[in-house]
Amino acid sequence: MRTRILCCAAALWLLLGGCAAPQGPFGLDAGRIQADTEYLCNEIGDRPTGTEKERLACDWLEERLKELGFSREEGTLERTGFQGLFELTSENLTAVCNSGSGGPILCVMAHYDTVEGSPGARDNTSSAAVLLELARYLGPAREELNGEIRLLFLGSEENGYHGASAYVESLTGEERARHLAAFNMENSAASPGEGAVLTCGTQGGIVDGEYQEGNFLEPMPNLATRALSRAYEEYYRGDPLPVFHRGMSDHVIFHEAGIEAANISWRFLDADGMATVPPEYHLPTDVPETMSFAEGAVTGECILGAIFQLCGAAPDGK
């Protein structure tokens, strides 16, 4: 009941003009998020797992990260291949801020593949574009952050979260223990319209020192959802983000590994107050022209706010 009330309150706020949210303290650029989304959707198009177009998207993202100073030679950029469903080969691309830091590890992730026939502006091109904007802000080093930030551009999500699985399986025991939280993005820029609301999806969290699973009736806030919600309350509106017990993306793999994770996404409310995917989900009509990219900047600002909270630093603005 409390979640439903929060969702309805958020919907009312958006109807009264909440979409024109003030810019957050980090100055993320909705125009750049839109331009990157448009390039991937319009110039490359749909990117099913194991296809040439998925590889071209990874190539393009890697070139953008190199332009931002990330480098394989310096250990701040890594591209790894793996096999997923039906032995289809895909790739993960990881950009690291503060590589080698002895502090906690935080992951921010977005998959860049799509279902066949859909350019996937919402699912999940805009999220990859937001992640690229976060890479622009953070860069390969951010001395005021006491931790290592890993930006994961994941392949092969649409057929079974294989990119996330390949990443988690590659971790050493020491690395896994240092993973403090993971933030997954899906539908990171919204369709304008009635009932759009920013939500958190999660499946469990640490309670009294042990990882526990939530359930549909009692969604469990965790470290990731609380940090996102605090950032949203401070930067935009004063109410916490609604939390739903929900899988359906790469954060599931981190949950299964006992790492607190949240899926942050813009959703729509149905008649029962439950969050649903946009109507263009997985369709050819999922194109940038039908989107509002200011919400993508809001998503990114909340994630940066959470990172600065958990790494013990205050945002320094632009």
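Refer to the structure presented above.
Rules behind the numbers
Residues numbered from 1 in each chain as written. Predicted model: local features only at pLDDT ≥ 70, side-chain atom pairs only at ≥ 80, totals over all residues. Heavy atoms only, no water. Pairing = 2+ DSSP bridges. Helix = DSSP H or I, 4+ residues; strand = E, 2+ residues; numbered from the N terminus. 1 Å grid on protein atoms, 1.4 Å probe; cavity = no way out; pocket = protein on both sides within 12 Å on 5 of 7 lines; lining within 4 Å. Points joined across faces, edges and corners; volume = space filled by probe spheres on them. Nonpolar A, V, L, I, M, F, W, Y, C, P; charged D, E, K, R; others polar. Disulfide = S-S within 2.5 Å. Buried < 20%, exposed > 50% of the residue type's maximum accessible area, 1.4 Å probe, protein only. Contact = heavy atoms within 4.5 Å.

## Looking at the pairing of strand β8 (residues 210-213)
- Looking at chain direction, strand β7 (residues 204-207) and β8 are connected through four bridges and run antiparallel. Note on β8: the bridge partner recorded for Val 207 is Glu 210.
- Connecting β7 to the antiparallel partner β8 that follows it, the hairpin turn spans two residues, and Asp 208 within it adopts a positive phi of roughly 55°.

## Comments concerning the layout of surface pockets
- Counted as a void, the largest pocket has a volume near 310 Å³.
- In terms of lining residues, the largest pocket is bounded by 17 residues, among which Glu 78, Thr 94, Arg 150, Tyr 167 and Ser 170 are the most central.
- Elements with a contribution of two residues or more to the lining of the largest pocket: β1 (77-83), β2 (89-97), β4 (148-154) and α5 (162-170).
- Within the lining of the largest pocket, the residues separate by chemical class into seven nonpolar, six polar and four charged.

## Let's talk about the state of the cysteines
- Within the structure shown, the criterion is met by zero disulfides.
- There is no disulfide at Cys 97, and the cysteine sulfur nearest it, in Cys 311, is 8.7 Å away.
- Residue class for Cys 97 comes out buried when judged on its relative accessible area of 0%.
- Cysteine Cys 107 is unpaired, with the sulfur of Cys 311 as its nearest cysteine sulfur at 11 Å.
- Exposure remark for Cys 107: the relative accessible area of 0% places this residue in the buried category.

## Focus on the side chain of Glu 148
- Residue placement: Glu 148 occurs in strand β4.
- Residue classification places Glu 148 among the buried positions, given a relative accessible area of 5%.
- Leaving out residues up to four positions away in the same chain, Glu 148 has contacts with Val 96, Cys 97, Asn 98, Ser 99, Gly 100, Ser 101, Pro 104, Ile 105, Leu 106 and Arg 178.

## Focus on the pairing of β4
- Counting buried residues in β4 gives seven out of seven residues, a clear majority hidden from the surface.
- Bridging between β2 and β4 involves five bridges; their strand directions are antiparallel. Paired with Thr 94 across the bridge in β4 is Leu 152.
- In this structure, strand β3 (residues 105-111) lies alongside β4, joined through seven bridges in parallel fashion.

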